[in-house]
Amino acid sequence: LERQLLMQNQMRERQTAVQIAWTREFLKYFGTFFGLAAVGLTAGAIKKKNPGLLLPIVPLSFVFAYQYDMGYGTLLQRIKGEAENILDTQSTLLELPKGPLTYEDLEKIRRSQSKFFIEK
């Protein structure tokens, strides 16, 4: 059991590391896109004297800030803290509808779905 718990924890850590690495890699590409878009939209707004062209920068900046916070900031730490808070103070939110699944529930479902099941 201890080995299984260690293995599950290692798998979780590796998946989290891959997620962070993916976010950091995505941030490089999105950051380049965001920079070019910001420069292009600013130049277009100045050239056409239309400040409305700067509006797309607002949602793009939110996406950029979120990705940066995920890859290099404290987002994961804040998520972990909030998850711990939910576990400690609001555990009723985690309850499954109709309670936890039991072996008897699974058997009822299996029997109802089985076309060839013969009750003894």
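Residues numbered from 1 in each chain as written. Predicted model: local features only at pLDDT ≥ 70, side-chain atom pairs only at ≥ 80, totals over all residues. Heavy atoms only, no water.

S.K.: Is there a simple way to think about the overall build of the protein chain in this case?
M.R.: Looking only at helices and strands, the protein chain features 4 helices and 0 strands. The order of α-helices and β-strands along the protein chain, N terminus first, is α-α-α-α. Taking 120 residues into account, the globule formula puts the C-alpha radius of gyration at 14 Å, and the protein chain, at 25 Å, lies well above it. Taken over the C-alpha atoms alone, the protein chain extends approximately 85 × 40 × 30 Å along its principal axes. (Helix = DSSP H or I, 4+ residues; strand = E, 2+ residues; numbered from the N terminus. Rg over C-alpha atoms; globule rule 2.2 N^0.38 Å.)

S.K.: Would you mind going over a nonpolar patch on the surface with me for this structure?
M.R.: Taken together, the side chains of Leu-87, Leu-93 and Leu-94 make up a nonpolar region of the molecular surface, amounting to roughly 320 Å² of accessible area. Along the chain, the position of Leu-87 falls in helix 3 (residues 75–89). (Patch = residues over 30% accessible without salt bridge, like charges linked within 9 Å, V, L, I, M, F, W, Y side chains within 5 Å. Areas by Shrake-Rupley, 256 points an atom, 1.4 Å probe, with all protein chains shown as cover. Salt bridge = Lys/Arg side-chain N within 4 Å of Asp/Glu carboxyl O.)

S.K.: Quick question: what am I supposed to make of the UniProt feature "transmembrane region" (unreviewed entry) in the protein chain here?
M.R.: In the numbering used here, UniProt assigns the feature "transmembrane region" (unreviewed entry) to residues 26–46 and 52–68. The straight-line gap between the two end C-alpha atoms of residues 26–46 is 30 Å; of that span, 100% is helix and 0% is strand. End C-alpha to end C-alpha, residues 52–68 measures 26 Å, and it is 71% helix and 0% strand. (UniProt positions renumbered as here; feature names shortened; annotations may be inferred.)

S.K.: Sorry, what's going on with the packing of helix 2 (residues 57–72) against helix 3 here?
M.R.: Geometrically, a packed helix pair is captured by the angle between its two axes and the distance between the axes. Packing of helix 2 against helix 3 brings their axes to within 6 Å, and their N-to-C directions diverge by 80°. What the angle tells us is that helix 2 and helix 3 run roughly perpendicular. The residues of helix 3 that touch helix 2, namely those facing Tyr-66, Asp-69 and Met-70, are Leu-75, Leu-76 and Arg-78. The class makeup of the residues in the contact of helix 2 with helix 3 is 4 nonpolar, no polar and 2 charged. (Axes fitted to C-alpha atoms, helices over the stretch in contact; angles between N-to-C directions. Parallel < 35°, antiparallel > 145°, perpendicular 65-115°, else oblique. Contact = heavy atoms within 4.5 Å. Nonpolar A, V, L, I, M, F, W, Y, C, P; charged D, E, K, R; others polar.)

S.K.: Help me understand the pattern of salt bridges, please; the structure alone is not making it clear to me.
M.R.: Once their charged atoms are close, side chains differing in charge can pair, the charge on each being opposite to the other. The final tally for this structure, using the stated rule, is 4 salt bridges. Residue Arg-12 is joined to Glu-13 by a salt bridge in which the shortest nitrogen-to-oxygen separation is 3.9 Å. Overall, the relative accessible area of 44% leaves Arg-12 in the partly exposed class. Taking the relative accessible area as the measure of exposure, Glu-13 reaches 37% and is therefore partly exposed. Among the salt bridges present, the one from Asp-69 reaches Arg-78, with a minimum N-O distance of 2.4 Å. Here Asp-69 falls in the buried class, since its relative accessible area comes to 18%. (Buried < 20%, exposed > 50% of the residue type's maximum accessible area, 1.4 Å probe, protein only.)

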